[in-house]
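So the chains spell out like this:
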Amino acid sequence: ASNGPIYGELTMGSMQKMVNLMKRHTKFDESSRFIDVGSGIGKPNFHVTQDPGVDLSYGLEIDADRWLLSMNCLRGTLDLATTHREVKHKCIFVQGDIRQASVFDPFTHVY
């Protein structure tokens, strides 16, 4: 048995359903500024940079190991974007604790 934390992750299809609902009901679009609190390795952040192509995708993760994994994924995405211009990468990943925040400004959508 593992002593590590348990994380719930959506499949790509389930995340797309969530994005579609957000676009339909919350004006989630290219001008949106998205924050994923507890972003893990950043899958939702990368997803929303592609669709709807948000202005900013910010991932906040408290766990140092998972944050390091997100940075590795970002490096891979940036490498891919050098040869595939269609790959968008407006992501920022920060290791931190949301309990230190007093507001969600400037974010328009919190996940």
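Everything that follows concerns the structure shown earlier in this document.
Every value quoted in this text rests on a predicted model; they were computed, and no experiment measured them. (Residues numbered from 1 in each chain as written. Predicted model: local features only at pLDDT ≥ 70, side-chain atom pairs only at ≥ 80, totals over all residues. Heavy atoms only, no water.)

1. Some thoughts on the nonpolar core
Core analysis: the largest hydrophobic core is formed by 7 residues, namely M15, V19, M22, F28, F34, V48 and V54. For this core, the element with the most residues is helix α1 (residues 12-26), which contributes 3 residues. Ignoring anything within four residues of it in the chain, the contact list for V54 reads F28, D29, E30, S32, V48, T49 and K90. (Core = buried A, V, L, I, M, F, W, Y, C linked by side-chain atoms within 4.5 Å. Buried < 20%, exposed > 50% of the residue type's maximum accessible area, 1.4 Å probe, protein only. Helix = DSSP H or I, 4+ residues; strand = E, 2+ residues; numbered from the N terminus. Contact = heavy atoms within 4.5 Å.)

2. Overview of the side chain of H47
Inspection of the secondary structure puts H47 in helix α2 (residues 43-50). In this structure, H47 is in contact with M12, M15, Q16 and V19, ignoring residues within four places of it in sequence.

3. Structural notes on the packing of aromatic side chains
Summed over the entire model, instances satisfying the criterion amount to 4 aromatic pairs. Ring centres of F28 and F34 lie 5.9 Å apart, and the angle between their planes is 45°; on these two criteria the pair is classed as tilted. Both residues of the pair, F28 and F34, belong to the buried class. Ring plane angle 50° and centroid distance 5.2 Å describe the contact between Y58 and F107, whose orientation is recorded as tilted. In this pair, Y58 is assigned in strand β2 (residues 56-61) and F107 in the loop between β3 (91-95) and β4 (109-110), connecting sequence segments 49 residues apart. Joined through ring pairs, the aromatic side chains of F28, F34 and Y111 make up one cluster. (Phe/Tyr/Trp six-rings, centres within 6.5 Å; stacked < 30°, edge-to-face > 60°.)

4. Section: α2
It helps to recall that an α-helix has 3.6 residues per turn; residues three or four apart then point in one direction. Across the 8 residues that make up α2, a large majority, 6, are buried. Residues of α2 that are buried include every one of P44, N45, F46, H47, V48 and T49, and no others. Where the residues of α2 are buried, they touch α1, β1 (33-37), β2, α3 (64-81) and β3.

5. Remarks on the pairing of β1
The pairing of β1 with β2 spans 5 bridges and is parallel. Opposite R33, over in β2, you have L56 as the bridge partner. As for the winding sense of the linkage, the β-α-β connection from β1 through α2 to β2 is right-handed. Of the strand pairs in this sheet, β1 and β4 are connected by 2 bridges, and their pairing is parallel. Of the residues in β4, the one forming a bridge with F34 is H109. (Pairing = 2+ DSSP bridges. Right-handed = clockwise from strand over helix to strand, strands pointing away.)

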